[in-house]
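Residues per chain, in single letters:
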Amino acid sequence: MNLVRAELERLGARRFVQLMVVLLVLAFGVTALTNVAISHQPSPSEMTVAQQKADSERREMDLLHERCLARQRGELPAEPFDGSYYPADCSEVDPGLRERLPVAADHLVGVFTFSKDTRPLLYFLIAFLVLFGFLVGASYIGADLNSGGVVNLLLWQPRRIAVLGAKLGTLMAAVLLLSLLATVAYLATFWMIALVDGHVGPVDAEFWSDLGAVWARGLVVVLLATVIGFAIATLGRHTSAALGAVAAYAVVWELGARLVLEILEVSRPDQLMLSSYLGAWLAGRAQFWDRNACTDPFAGFCDGTYTLTWPSGLVVLLLLAGGLTAAAFAVFRRRDLL
Amino acid sequence: MSAVIEIEGLRKTFHSLRRGRRVAVDGFDLLVEAGQVHGFLGPNGSGKTTTLRALLGLVRADDGRMRVLGEPAPDRLPRVAGRVGAIVESPQFFGNFTGHRTLRLLARAGGVPTSRIDEVLEQVGLRDRGHERVKGYSLGMKQRLAVASALLKSPELLILDEPANGLDPAGIREMRDLVRTLADSGVTVLLSSHILAEIQLICDHVTIISRGRRVAAGRVDEVLAGFDRHEVLVRVDEPDRAAELLRAAGLTVTEHPDHLVVHGVDDGATVSRTLGEQGAWVRELTPLRPDLESVFLELTGPAGHPAVPRQVDGSPESGADARDGEIDLDRRGVDA
Ligand SMILES: Nc1ncnc2c1ncn2[C@@H]1O[C@H](COP(=O)(O)OP(=O)(O)OP(=O)(O)O)[C@@H](O)[C@H]1O
Ligand SMILES: [Mg+2]
């Protein structure tokens, strides 16, 4: 407990952490101000017009669906006069089955709409927090290993695993807390902007649960990035080890090896890339093309895609982070500290 | 007396890809008993810091047995860490913290009451600068802060690796007084330093290490006595005549331009009596006692050619097997 309190103070006093927090606040401020600047509160007449547009769009969809059904029943000629396209399966154009129906907010121009604009903003926040977690995780232990801070601490607490564990635990807790606070502040600010200077739009339970899911997945990535940065910097005794490892991985494997695999015509190169699993976890699933799946020209219809699901994405990410952490602790336990 | 530090047969070899193997400590023994102020001497690169690091669990020893305050090190170090204050080779501190805060964090990690902080800052002379950032400290001030961090725990055993590094003359004296005060209050001190006069003043025991091996150990006066050649310096008005008289009395004399050195005399009175009886009056009679510096240089380094800079870690080639060179105090005592 004492160790954790001391670590928390050290973490908070790090210039780099302070800088990153300032950057976060700045980026946040700029985004908020831009939205305030370009947005305005829609006037009642604007709302009416937008609502009308949404309604007519809705009507057109209903009409299309009805016509499609009528054509199927043979009440309409198979070849439509107006050149519209009707799918073979009319449920494809059934408005009742669509994920979302047109709403007035879709037709508001220059209006910040909470229900529509929050999701991409949340992705931006998560991306920043991932970067924050990774860099802070790496520099926190990297700088301490280099400046002799760890050695000083070990003279007081000669239990290496406890010392490293306290550092990692404190770091994770701090990143988690910061992420929570940043998200709440972020959403609250944009909610206020929507109320005062924009439009809230339809926010129902489904909207919130969707947003919550995006956020929860993002948060897991933030924490994993923190752990990975910390573990690589511990293994390499240096902050830059983590940066170098990621850069090297991206260039050598994601770019270089991908090219080589393409040239060699390996079936599913995406299956070997971490980015695919990251995408699968964040988006729920990721679809890729298998070039060797449809080589038989007489096979008729062939679906050459394959899917990575979020569980497999999560497992891969957890294995990576867990493996690196285990290695970091194992190495740190026995290493000569100078 | 109980042993506070016991090291037997400590070995440590560093391996690096580029430079290969480097034997830093090669079967080293050290015994420090309770209440001693123990000097730990050796040339640059002889393995002092490595020994202390191994003892404190910072580097993994390849071989050897170590105990600190009776507990096997490094496995049981956590049990005694609260009673051992240590600085190893000019510790680095986080520059953005003030001295006070640095100590507070350590105190917190080690469960020491924070009231100790002001006491130790006062003790090392940093009372008025404790609330400044460490990066604004001078070398000597950082060193003082390091000593303060070691004192924070009110340790029973204090391990100081070159605490005088960077200290001004007054600082060195203050350090000496501090160590004395601590020793008087019962703290055992192991102190490495290159300032031999300093060691001679404050330490009652020494261990000398060369090339990773112990070459001398024991009470300071006994180690020095082991190197006492029983020589006296004599000044007289007629050195030639005096030399003859002394040789006639069976003594070995070396003549120097302005003085004589008489060898193998246990008692200066023999010289003054021999000369006085013949009317050659002695103007000065000084026993030539070895000091720690000459003993140290004799044990750890070749006299060397003045034109060839001595290289670090350069013990005499003949002493490659330094174990043979280790002085056995008892035997020397008998010889003398
Ligand atoms: N991390 C390391 N890697 C390789 N060799 C090392 C390492 N640390 C120490 N050594 C070598 O071990 C030997 C002993 O070094 P050590 O620091 O223990 O000497 P020392 O007696 O403390 O010297 P000084 O009086 O200069 O402080 C030296 O030859 C040194 O080069
Ligand atoms: Mg040293």
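Counting restarts for each chain: residues are numbered from 1 in the order of the written sequence. Chains and ligands are labelled by the order in which they are written, letters from A for the one and numbers from 1 for the other. Residues qualify for local features only when their pLDDT is at least 70, as the model is predicted, and side-chain atom pairs are given and counted only at 80 or more; totals for whole chains, interfaces and linings, by contrast, use all residues. Think of the side-chain values as coming from all heavy atoms in the structure, minus any hydrogens and water.

- As recorded in an unreviewed UniProt entry, chain B goes by ABC transporter ATP-binding protein and comes from Micromonospora thermarum.
- UniProt positions are given in the numbering used here, feature names are shortened, and annotations may be inferred rather than shown by experiment. Under the UniProt heading Sequence similarities (unreviewed entry), the note attached to chain B is "Belongs to the ABC transporter superfamily."

- If you check an unreviewed UniProt entry, chain A appears there as ABC transporter permease subunit from Micromonospora thermarum.

What about the overall build of chain A?
Then, in step 1: Working definition: helices are DSSP H or I runs of at least four residues, strands are E runs of at least two. Numbering for both runs from the N terminus. On a plain count of helices and strands, chain A comes out with ten helices and four strands.
Then, in step 2: The order of α-helices and β-strands along chain A, N terminus first, is α-α-α-β-α-α-α-β-α-α-α-β-β-α.
Then, in step 3: Relative to the 2.2 N^0.38 estimate, which gives 20 Å for 338 residues, the radius of gyration of chain A is 26 Å and therefore markedly larger than a compact globule would have.
Then, in step 4: For chain A, the spread of C-alpha atoms along the three principal axes comes to 90 × 60 × 30 Å.
Then, in step 5: Every one of the 338 residues in chain A was classed for burial, and the buried ones make up 42%.
Then, in step 6: Relative to all contacts within chain A whose residues are 6 or more apart in sequence, the contacts with residues 24 or more apart total 76%.
Then, in step 7: The averaged location of the 30 negative side-chain charges in chain A is 16 Å from the averaged location of its 26 positive side-chain charges. With the radius of gyration taken over C-alpha atoms, the globule rule is written as 2.2 Å times the number of residues to the power 0.38. Only protein chains enter the accessibility calculation, which uses a 1.4 Å probe; a residue is then buried when its area is under 20% of its type maximum, exposed when over 50%, and partly exposed in between. Here a residue-residue contact requires only that any non-hydrogen atoms of the pair lie within 4.5 Å. We score Asp and Glu as negative and Lys and Arg as positive, and we do not count His or the chain ends. Just so you know, the charge point we use is NZ for Lys, CZ for Arg, CG for Asp and CD for Glu.

Focus: the site of ligand 1
Residues and elements named next belong to chain B.
Then, in step 1: Neighbouring residues are identified by heavy atoms, a residue being near a molecule or strand if any of them is within 4 Å of it. Taken together, 15 residues form the shell around ligand 1, and within it Gly45, Lys48, Thr49, Thr50 and His194 come nearest.
Then, in step 2: Residues adjacent in sequence count toward polar contacts only when both atoms are side-chain atoms; beyond that, a polar contact is any pair of N or O atoms within 3.5 Å, and within protein one must be able to donate a hydrogen and the other to accept it. One of the side-chain nitrogen or oxygen atoms of Asn44 is found 2.8 Å away from an oxygen atom of ligand 1.
Then, in step 3: A distance of 3.2 Å separates an oxygen atom of ligand 1 from a polar atom in the side chain of Glu162.
Then, in step 4: Each accessible area is a Shrake-Rupley estimate made with a 1.4 Å probe; only the visible protein chains count as cover when residues are assessed. For ligand 1, the accessible surface in isolation is 630 Å², of which the surrounding protein chains cover 77%.
Then, in step 5: At the level of secondary structure, the elements contributing two or more residues to the shell around ligand 1 comprise β2 (20-33) and α1 (48-55).
Then, in step 6: Element by element, the count of residues in the shell around ligand 1 is highest for α1, at three residues.
Then, in step 7: Class assignment for the residues of the shell around ligand 1 results in four nonpolar, seven polar and four charged. Any residue outside Ala, Val, Leu, Ile, Met, Phe, Trp, Tyr, Cys, Pro, Asp, Glu, Lys and Arg is labelled polar, Gly included; the first ten of those are nonpolar and the last four are charged.

Quick word on the UniProt feature "transmembrane region" (unreviewed entry) in chain A
Residues and elements named next belong to chain A.
Then, in step 1: UniProt records the feature "transmembrane region" (unreviewed entry) for residues 16-38, 121-143, 164-194, 214-235, 242-261 and 313-332 in the present numbering.
Then, in step 2: Structurally, residues 16-38 comprises 100% helix and 0% strand, and the distance from its first C-alpha atom to its last is 33 Å.
Then, in step 3: Helix makes up 100% of residues 121-143 and strand 0%, and the two end C-alpha atoms of the span are 32 Å apart.

Some words on the pattern of salt bridges
All names here are of chain B.
Then, in step 1: In the sections that follow, a salt bridge refers to a side-chain nitrogen of Lys or Arg positioned within 4 Å of a carboxyl oxygen of Asp or Glu. Considering all chains together, one arrives at 34 salt bridges over all chains under this definition.
Then, in step 2: Asp26 is the salt-bridge partner of Arg213, the closest N and O atoms lying 3.0 Å from each other. Residue Arg213 is located in strand β10 (residues 213-219), and its partner Asp26 is located in strand β2; the two are separated by 187 residues in the primary sequence.
Then, in step 3: Two residues, Arg283 and Asp237, come together in a salt bridge whose shortest N-O distance is 3.0 Å. Taken together, the residues span a long stretch of sequence, with Arg283 in strand β14 (residues 282-288) and Asp237 in the loop between β11 (231-236) and α9 (239-248) at a distance of 46 residues.

Regarding the nonpolar core
Then, in step 1: Think of a nonpolar core as a cluster: buried Ala, Val, Leu, Ile, Met, Phe, Trp, Tyr and Cys residues, connected wherever their side-chain atoms sit within 4.5 Å. Core analysis: the biggest nonpolar cluster contains 144 residues, and Phe190 of chain A together with Ile5, Val68 and Ile159 of chain B have the highest contact counts within it.
Then, in step 2: The leading source of residues in this core is helix α4 (residues 114-147) of chain A, at 15 residues.
Then, in step 3: The residues contacting Phe190 of chain A, other than those within four sequence positions of it, are Phe28, Thr31, Ala32, Asn35, Phe112, Phe114 and Leu121 of chain A.
Then, in step 4: Residues Val232, Val253, Val262 and Val265 of chain B belong to the second largest nonpolar core, which totals 15 residues.

Thoughts on the interface of chain B and chain A
Then, in step 1: Taken together, the contact between chain B and chain A spans 32 residues of the former and 27 residues of the latter.
Then, in step 2: The term buried area means the drop in 1.4 Å probe accessible area that two parts suffer when joined, counted for both and summed. For the chain B and chain A pair, buried surface summed over both sides reaches about 2,600 Å², with 57% attributable to carbon and sulfur atoms.
Then, in step 3: For the pair chain B and chain A, the number of links is four salt bridges.
Then, in step 4: Linking Glu9 of chain A and Arg101 of chain B is a salt bridge whose minimum nitrogen-to-oxygen distance equals 2.8 Å.
Then, in step 5: Mapped by element, the contributors of at least two residues to the side of chain B that touches chain A are β1 (3-16), α2 (77-80) and α3 (99-110) of chain B.
Then, in step 6: In terms of residues, the side of chain B that touches chain A owes the most to one element, α3 of chain B, which gives eight residues.

Observations concerning the sheet that holds β2 of chain B
Residues and elements named next belong to chain B.
Then, in step 1: Taken in spatial order, the four strands of this open sheet run β2-β1-β4-β5, and their pairing is antiparallel. The open sheet terminates on both sides in strands that have one partner only, identified here as β2 and β5 (71-72).
Then, in step 2: The sheet contact formed by strand β4 (residues 63-68) and β5 spans two bridges and is antiparallel. The partner of Val68 across the bridge, within β5, is Glu71.
Then, in step 3: To obtain each axis, a line is fitted to C-alpha atoms, and for helices this fit is confined to the stretch in contact; angles are then taken between N-to-C directions over 0 to 180 degrees. The strands that α1 touches are β1, β2 and β4; relative to β1, the one it contacts most, it runs at about 110°. In this analysis, strands are considered paired if DSSP registers two or more bridges between them.

Section: the environment of Leu157 of chain B
Then, in step 1: Looking at where Leu157 of chain B falls in the secondary structure, it is placed in strand β7 (residues 157-161).
Then, in step 2: Separated by 89 residues in sequence, Leu157 of chain B and Val68 of chain B place their C-alpha atoms 9.0 Å apart.

Comments concerning the packing of aromatic side chains
Then, in step 1: A pair of Phe, Tyr and Trp rings is counted when the ring centres sit within 6.5 Å of each other, with Trp represented by its six-membered ring. The angle between the planes then sorts it: under 30 degrees is stacked, over 60 is edge-to-face, the rest tilted. Within the structure shown, the criterion is met by 13 aromatic pairs over all chains.
Then, in step 2: Relative to Trp208 of chain A, the ring of Trp191 of chain A has its centre 6.2 Å away and its plane inclined at 45°; by these criteria the two rings are tilted. Separated by 17 residues along the polypeptide, Trp191 of chain A in helix α6 (residues 160-197) and Trp208 of chain A in helix α7 (residues 205-236) bring together distant segments of the chain.
Then, in step 3: Among the aromatic side chains, those forming a connected cluster through ring pairs are Phe28, Phe112, Tyr186 and Phe190 of chain A.
Then, in step 4: In this analysis the charged atom, NZ for Lys or CZ for Arg, is taken to sit over a ring once it is within 6 Å of the ring centre and within 35 degrees of the ring normal. Its end group placed over the ring of Tyr306 of chain A, Arg268 of chain A keeps NZ or CZ at 4.1 Å from the ring centre.
Then, in step 5: A cation over an aromatic ring shows up here: Lys12 of chain B above the ring of Phe14 of chain B, its NZ or CZ 5.3 Å from the ring centre.

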